[in-house]
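Read off the chains here:
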Amino acid sequence: LAGVAMPIKKGDFIRLSFTGRLPDGSVFDTTDERIAKENGIYDEGKRYSPMIVIVGSGFLVEGLEEDLVGKKAGYSGKVRVEPVKGFGDRSRDAVEIVPVKKFEGKVEPGQMVEFNGRVGFIESVAGGRAKVDYNEPLAGKTLIYDYRIEGVIRDRKEKIAALLQGYVKIGRAHV
């Protein structure tokens, strides 16, 4: 059985490269540094390289995770993810009117704020009140992922190293 590419199943560790776009073509996430820079979403604190994912762990949006199952290492594809299997639908209950005086400093539309332990965006400001939207910014949106399964990690030591790398920032300590 050695050398035979087994179909991916839930629980498998894979290396995944991807770019997530909205239907209008705007990029919201990628593992490719060049694409991030070209689309104005580059973050120098982020490491751009294939991501190690445990399929079915809920780390990725459900629609993308489901599409990976049954594919093999080396597979490249595209999947369209509707909101129900992406970041969910927008909720009216997640929008709240808050007096501007509850915030420190100037409050402007588009600004990110934290209020009562929740993070949201100022939608509008009028009459001393701000409309704050606590929905996930991608809620209600259809997502399109171009992806490539770079490899499947089968070796136990490599899986442990991958887990540590994913959850512990190694080599970044400033003592």
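Residues numbered from 1 in each chain as written. Predicted model: local features only at pLDDT ≥ 70, side-chain atom pairs only at ≥ 80, totals over all residues. Heavy atoms only, no water.

(A) Quick peek at the overall build of the protein chain. Looking only at helices and strands, the protein chain features three helices and nine strands. In the protein chain, the order of α-helices and β-strands from amino to carboxyl end is β-β-α-β-α-β-β-β-β-β-β-α. Its C-alpha atoms give the protein chain a radius of gyration of 20 Å, more than 25% over the compact-globule value 16 Å for 175 residues. Long-range contacts, defined as pairs at least 24 residues apart, comprise 63% of the intrachain contacts of the protein chain with a sequence gap of at least 6. Surface accessibility of the protein chain: about 11,400 Å² in total, with carbon and sulfur atoms responsible for 51%. Here the protein chain carries 29 positive and 26 negative side-chain charges, and the mean point of each set is 3 Å from the other. (Helix = DSSP H or I, 4+ residues; strand = E, 2+ residues; numbered from the N terminus. Rg over C-alpha atoms; globule rule 2.2 N^0.38 Å. Contact = heavy atoms within 4.5 Å. Areas by Shrake-Rupley, 256 points an atom, 1.4 Å probe, with all protein chains shown as cover. Lys, Arg positive; Asp, Glu negative; His and termini not counted. Charge placed at Lys NZ, Arg CZ, Asp CG, Glu CD.)

(B) Quick look at the sheet that holds strand β8 (residues 129-133). Pairing is antiparallel in the open sheet, where four strands are placed in the order β5-β8-β7-β6. Strands with a single pairing partner mark the edges of an open sheet, and in this sheet they are β5 (95-99) and β6 (112-115). Neighbour to neighbour, the strand axes of the sheet diverge by 45° on average, direction disregarded. With five bridges joining them, β5 and β8 adopt antiparallel strand pairing. Bridge assignment links valine 95 to a residue of β8, and that residue is aspartate 133. (Pairing = 2+ DSSP bridges. Axes fitted to C-alpha atoms, helices over the stretch in contact; angles between N-to-C directions.)

(C) Spotlight on the pattern of salt bridges. A complete count under the given rule lists 17 salt bridges for this structure. The residue lysine 46 makes a salt bridge to aspartate 29 at a minimum N-O spacing of 2.8 Å. Taken together, the residues span a long stretch of sequence, with lysine 46 in the loop between α1 (33-38) and β3 (51-54) and aspartate 29 in strand β2 (residues 27-30) at a distance of 17 residues. Judged by relative accessible area, which is 24%, aspartate 29 ranks as partly exposed. The residue glutamate 38 makes a salt bridge to arginine 34 at a minimum N-O spacing of 2.9 Å. Placement of both glutamate 38 and arginine 34 in helix α1 is noted, with a separation of four residues, approximately one turn of the helix. Judged by its relative accessible area of 49%, arginine 34 falls in the partly exposed class. Through salt bridges with shared partners, one network takes in Arg90, Glu123, Lys131 and Asp133. (Salt bridge = Lys/Arg side-chain N within 4 Å of Asp/Glu carboxyl O. Buried < 20%, exposed > 50% of the residue type's maximum accessible area, 1.4 Å probe, protein only.)

(D) Spatial organisation of the confidence of the model for the protein chain. Confidence along the protein chain averages 90 in pLDDT terms, with 92% of residues attaining 70 or more. This stretch, residues 169-175, has a pLDDT under 50; its non-local contacts, to residues over four places away or in other chains, come to three contacts. (pLDDT = per-residue confidence, 0-100.)

(E) Inspection of the nonpolar core at higher detail. In terms of nonpolar packing, the biggest core is built from 18 residues, with Ile14, Leu16, Leu64, Leu68, Tyr145 and Tyr147 touching the most fellow members. Of all the secondary-structure elements, those providing two or more residues to this core are β1 (13-21), α2 (62-68), β4 (76-81) and β9 (143-153). When residues of this core are assigned to their parent elements, the largest contribution, four residues, is made by β9. Setting aside chain neighbours within four positions, we find isoleucine 14 in contact with Ile8, Met51, Ile52, Val53, Val55, Leu68, Ile149, Gly151 and Val152. (Core = buried A, V, L, I, M, F, W, Y, C linked by side-chain atoms within 4.5 Å.)

(F) Spotlight on the packing of aromatic side chains. By the definition in use, this model includes five aromatic pairs. When the ring of tyrosine 75 is compared with that of tyrosine 147, the centres are 5.8 Å apart and the planes differ by 45°; the resulting orientation is tilted. Note that tyrosine 75 is positioned in the loop between α2 and β4 and tyrosine 147 in strand β9, a separation of 72 residues in sequence. Plain terms: the ring middles of phenylalanine 103 and phenylalanine 115 are 5.6 Å apart, the flat faces sit at 55° to each other, and that makes the pair tilted. Linking phenylalanine 103 in the loop between β5 and β6 with phenylalanine 115 in strand β6, this pair joins segments that are twelve residues apart in sequence. Here the aromatic residues Phe18, Phe28 and Tyr145 are joined through ring pairs into a cluster of three or more. The ring of tyrosine 75 is capped by lysine 71, whose NZ or CZ atom sits 5.3 Å from the centre of that ring. Against the face of tyrosine 134 rests arginine 118, its NZ or CZ located 3.9 Å from the ring centre. (Phe/Tyr/Trp six-rings, centres within 6.5 Å; stacked < 30°, edge-to-face > 60°. Lys NZ or Arg CZ within 6 Å of the ring centre and 35° of its normal.)

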